[in-house]
Amino acid sequence: MSDNKIIKAIQDKGKTIESEMSFFEHLEALRWHLIRSAIAVVVFALAAFLNYDFIFNNIIMGPFKTDFWTYRMMCKLGDGFCVSKINATIINTEVAGQFMLQINSSVLIGIIVSIPYILWEIWRFIKPALLSKEKKAASGFVFYASALFILGILFGYYIIAPESISFLASYTVSDTIKNEFTVGSYLSMVATITLIIGIVFELPILIYILASIGILTGTFMKKTRRYSVVILLIVGAIISPSPDFLTTMIATIPLFALYEVGIVVASTVERRRAKAHDDIMNS
């Protein structure tokens, strides 16, 4: 009896050691994925730092210039939409302000440009743990997640950010107050808007994940569509800088489109799960 206990204890100890080794192997693999992602961010940030004149004048300060693409398109809609002047100036109030601006914006650009590669590293880390069917179903994760993020960044940069700047620059409580934005405040606003919109555009990916684990279904999303429309209108009003209805709708229409795409995604996953369940029951 005692021999059996000893053998069982040895077996249990072997399983424990094996699980511990597996855990540390996964931890080591995660560490290298994080290191490679960090290296990608540093490389792109360094490239942005070395080409900062072009980036600052044409990208960072683009929405602050009246010849920006968005303002030119608005002028084609009519004189009422045309932005002929940005009634504000950009100033620096800190000794190291401009140097930190170059550092911070270079790192930020490095992170944004590295997102597709970071998503690829995430996929490489989780892929070994997936079943063959799960790998096939999630094979386009990197492409779709990267494409949605890039679309969100472009929408935030070309639509929401210029609208925010033109509205806030022209908004005054009194003629005695001049709008002078610090360079840090300006960069923070543009970066926050573009990143938030980029993350919001990942909604279909989030819906896919929730549908895959059974938390969300296409049927539920269809039933709650009317309530979702109200919520999306509120979100659109929050991210929209101007209180007029047209600007709010411009910010909200992409959210409606993303929600409808999410319904299609969730319904597809729901049908796939139902088919898999039927196959199991019939086998």
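The paragraphs below set out a description of the structure included in this document. (Residues numbered from 1 in each chain as written. Predicted model: local features only at pLDDT ≥ 70, side-chain atom pairs only at ≥ 80, totals over all residues. Heavy atoms only, no water.)

By the definition in use, this model includes 3 salt bridges. Between E121 and R36 there is a salt bridge, with the nearest N and O atoms lying 3.0 Å from each other. Pair noted here: E121 is in helix α4 (residues 97-126) and R36 is in helix α1 (residues 2-50), with a separation of 85 residues, a long-range link. For the salt bridge of R225 with E260, the shortest nitrogen-to-oxygen distance reads 3.0 Å. You can see R225 sitting in helix α10 (residues 225-239) and its partner E260 sitting in helix α11 (residues 245-282), a full 35 residues away along the chain. Each member of the salt-bridge network shares a partner with another, and the members are R36, E121 and R124. (Salt bridge = Lys/Arg side-chain N within 4 Å of Asp/Glu carboxyl O. Helix = DSSP H or I, 4+ residues; strand = E, 2+ residues; numbered from the N terminus.)

What follows deals with the state of the cysteines. The full count for this structure, using the stated rule, is 1 disulfide. The disulfide bridge from C75 ends at C82, spanning 2.0 Å between sulfur atoms. Between C75 and C82, the S-S torsion sits near 70 degrees, and that sign places the bridge as right-handed. Given the relative accessible area of 32%, C82 is considered partly exposed. (Disulfide = S-S within 2.5 Å. Buried < 20%, exposed > 50% of the residue type's maximum accessible area, 1.4 Å probe, protein only.)

The grouping of L46, F49, L50, F99 and M100 at the surface amounts to a nonpolar patch, some 500 Å² of accessible area in total. When residues of the nonpolar patch are traced back to their parent elements, those giving at least two are α1 and α4. For the nonpolar patch, the element with the most residues is α1, which contributes 3 residues. Structurally, F49 is set in helix α1. (Patch = residues over 30% accessible without salt bridge, like charges linked within 9 Å, V, L, I, M, F, W, Y side chains within 5 Å. Areas by Shrake-Rupley, 256 points an atom, 1.4 Å probe, with all protein chains shown as cover.)

Function-wise, these values are silent; they only describe arrangement.
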